[in-house]
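Descriptive analysis of the structure
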Amino acid sequence: MRPNRILFLLIFLGMFVLNFSVTAQDNTGTESEPESGMNTDFGLGLLLGVETFDPIEEGGDPETFQTLALKPDLAIGKFGIGLDLVLHYRFVSDGSGFDIREEDWVPAEGWSFANFLELYLPKITYMRWGNKGDTLYAKVGQIDNALIGTGFIVSQYSNTLFQPDEKIVGLNFDLDGQLFNFPYLGIETFAGNLAHFDVFGARLYSRPLLWSGVPIIKELEWGITAAADIDPDYRADFYETAINNGDPATPVLVWGSDLILPILNMDLATLALFGDLAFQGSNKGGMTGFGGRLFNIIPYIFQLRFLGDNFIPAYFDNMYDLYRGVKYDIYNDTYDANDPPYIESSISWLASTGISILDDLLVFTATVDGPFSAPPSGSTEGHNFLEYPHLYAMFAVNDGLIPSFSFSASYDKRFINEPVDLLLAENSMANLAINYNAGAAVITLSYDMIYIEDGNIGVTWDDFDVSSSLSCSINFF
């Protein structure tokens, strides 16, 4: 065995010895909390595998590399950070050493600021402070469920649809004036991609009657939201669209105002009333509804939606990156009496409920929305997704309910015409993650499937983007 190979293997084995020696110290119970009193957790995920890359130069041969990925994860109190450090290497055929894939660490198109961000920002899985709902919440990294205000404009936006092929770093930042003993103002923000900065939004809100001290009324919250996509054709490869007949797309701007009024806040039940008025270019829509939680275990939401021509509720949602071209065509549609809109004005609804028991160890939620009118029968070709009911369901068994196991799954299905459509994978997205906790080590199996129409007749496996992974992480403390 060559010296370089011996050195590489010694370093690799040394990491494992260090991992298990530190873990063994933790199991003795001799470790103590930091003097600050904050909880500290540190984990390290290790991934080994093989990946094949397309040739850099046209006409070249694909290149195969071994993969070593280190995924450290550190949490200290409200602060947390996770990294994704991947090394692709291969041993040289003459045994003189090994090569490292430079594209992982050196920008292929030169050292510009934008190229630097696009290469190095994705190496941050996340960096956060606090949690959503805290007076100060900040997160840089993967954005799975960005929610602004009532969700009528931005609802569960995600920038992770095309992982692991694309790793995008976004931002969530919320600040409530209560942090500075000034509870009259606050702000919620998000950005989908800090390197490209195409999708972003913010909501400024106030509690204008808080000074009055009148019960219920003093809690009234008034907000103004604006969200934009300044590069709508950024992902043109993922859909077929007639964006501006080949001309560059113009920015999308969605803005509006909302009111939220908490009515009840008891262990038996919570209840809040809300309403929203939003504008998408010349298109407008409104919503009113209520939501809360019953007996501390049953969440519920109901919305009545009044949608004008070509108005799309929750424009920036969990599948926005997949449908952004289709939505842009609707947003940018101009019409007259002889050219009807893509979507005619209508009244629609949204309902959500579920159950969360045993201190949220077992959670199930289901959200359905759609028009009051019956959906068009037959093929969905030539119709838009707002003419049909839409289902999003999530199920989770969290740590502590089943010894050593935790589980989560979600299913998003559009174009539901009849019950049997729920069983068809067309126009759907599914996620599954199973975790096995073996003491200090956690083994995770994940599976993701997204339907991406390729324009051909019929549904085949070519219409689906499928990814899966098996990983192991080790907790140090």
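As a starting point, this report considers the structure included with it. Throughout, a residue's number is its position along its own chain's written sequence, starting from 1. Only residues with pLDDT of at least 70 get local features here, since the model is predicted, and only at 80 or more are side-chain atom pairs given and counted; chain-wide, interface and lining totals rely on the full set of residues. Only hydrogens and water are set aside; all other atoms, that is, all heavy atoms of the structure, feed into the side-chain values.

**Section: the side chain of Glu-188**
Segments assigned H or I by DSSP are reported as helices when at least four residues long, segments assigned E as strands when at least two residues long, and all are numbered from the N terminus. With respect to the secondary-structure elements, Glu-188 resides in strand S11 (residues 185–191). Setting aside residues no more than four positions away along its own chain, Glu-188 makes contact with Lys-132, Leu-147, Ile-148, Gly-149, Phe-173, Asp-174, Gly-201, Ala-202, Arg-203 and Tyr-205. Whether two residues are in contact is decided by their heavy atoms: any pair within 4.5 Å suffices.

**Details of the pairing of strand S14 (residues 252–265)**
The sheet contact formed by strand S13 (residues 221–229) and S14 spans nine bridges and is antiparallel. Residue pairing in the sheet places Ile-224 in a bridge with Ser-257 of S14. Bridge count for S14 against strand S15 (residues 269–280) is 11 bridges, and the pairing is antiparallel. Residue pairing in the sheet places Asp-258 in a bridge with Asp-276 of S15. The hairpin formed by S14 and S15 contains three residues between the paired strands. A strand pair is defined by DSSP finding two or more bridges across the two strands.

**Regarding empty space enclosed by the protein**
Buriedness of a pocket was judged along seven lines, with at least five required to meet protein on both sides within 12 Å; pockets are open sets of points on a 1 Å grid over the protein atoms alone, cavities are sets where a 1.4 Å probe fits but cannot get out, and lining residues have an atom within 4 Å of a point. Grid points are joined across faces, edges and corners, and a volume is the space filled by probe spheres set on the points. Inspection of the entire model under this criterion finds one cavity of 30 Å³ or more. Estimated volume of the largest cavity: approximately 40 Å³. Looking at the largest cavity, the residues that line it are Tyr-157, Asn-159, Ile-168, Gly-192, Asn-193, Asp-198, Val-199, Tyr-234, Arg-235, Asp-321 and Arg-324.

**Description of the packing of aromatic side chains**
Here a Phe, Tyr or Trp ring, Trp counted by its six-membered ring, pairs with any other such ring whose centre lies within 6.5 Å, and the pair is stacked when the planes are under 30 degrees apart, edge-to-face when over 60, and tilted otherwise. Tallied over the entire structure, the rule returns 19 aromatic pairs. Ring centres of Phe-316 and Tyr-320 lie 4.9 Å apart, and the angle between their planes is 55°; this geometry places the pair in the tilted category. The rule is simple: take the accessible area with a 1.4 Å probe, protein chains only, and divide by the maximum for that residue type; under 20% is buried, over 50% is exposed, in between is partly exposed. A relative accessible area of 0% means that Phe-316 is categorised as buried. Classification of Tyr-320 by relative accessible area gives buried; the value is 0%. Working rule: Lys NZ or Arg CZ, within 6 Å of ring centre, within 35 degrees of ring normal, means a charge sits over the ring. Just above the ring of Tyr-120 sits the side chain of Lys-123; from NZ or CZ to the centre is 5.9 Å. Positioned above the aromatic ring of Tyr-315, the side-chain terminus of Lys-327 is 5.5 Å from the ring centre.

**Comments concerning unusual backbone geometry**
Peptide bonds are trans in most cases, and residues, glycine excluded, mostly fall at negative phi. Phi angles above zero are rare outside glycine, and Leu-358 is one such case at about 55°. Summarising the element assignment, Leu-358 is placed in the loop between strand S18 (346–357) and strand S19 (362–371). At Asp-359, a position not held by glycine, the phi torsion is positive, near 55°. For Asp-359, a relative accessible area of 78% corresponds to the exposed category.

**Topic: the nonpolar core**
In plain words, nonpolar cores are sets of buried Ala, Val, Leu, Ile, Met, Phe, Trp, Tyr and Cys residues tied together by side-chain atoms within 4.5 Å. With 39 residues, the main nonpolar core has Val-154, Tyr-157, Tyr-315, Phe-316 and Leu-322 as its most contacted residues. The element best represented in this core is helix H3 (residues 320–331), accounting for six residues. Contacts of Tyr-315, omitting those with residues within four sequence positions, involve Phe-152, Ile-153, Val-252, Val-254, Gln-280, Tyr-320, Lys-327, Tyr-328 and Tyr-331. With five residues, the next largest nonpolar core counts Leu-117, Leu-121, Ile-124 and Val-169 among its residues.

**Description of H3**
For H3, built from 12 residues, the straight-helix expectation of 16 Å at 1.5 Å per residue is missed by more than 12%, its first-to-last C-alpha distance being only 13 Å. Burial within H3 is extensive, with 11 of its 12 residues counted as buried. By this rule, a helix spans an expected 1.5 Å times one less than how many residues it contains.

**A word on the pattern of salt bridges**
One side-chain nitrogen of Lys or Arg within 4 Å of one carboxyl oxygen of Asp or Glu is enough to make a salt bridge. Applying the stated criterion across every chain yields a total of 15 salt bridges. Residue Asp-104 is joined to Arg-101 by a salt bridge in which the shortest nitrogen-to-oxygen separation is 2.9 Å. Each member of the salt-bridge network shares a partner with another, and the members are Lys-132, Asp-174, Asp-176, Glu-188, Arg-203, Arg-207, Glu-221 and Asp-258.

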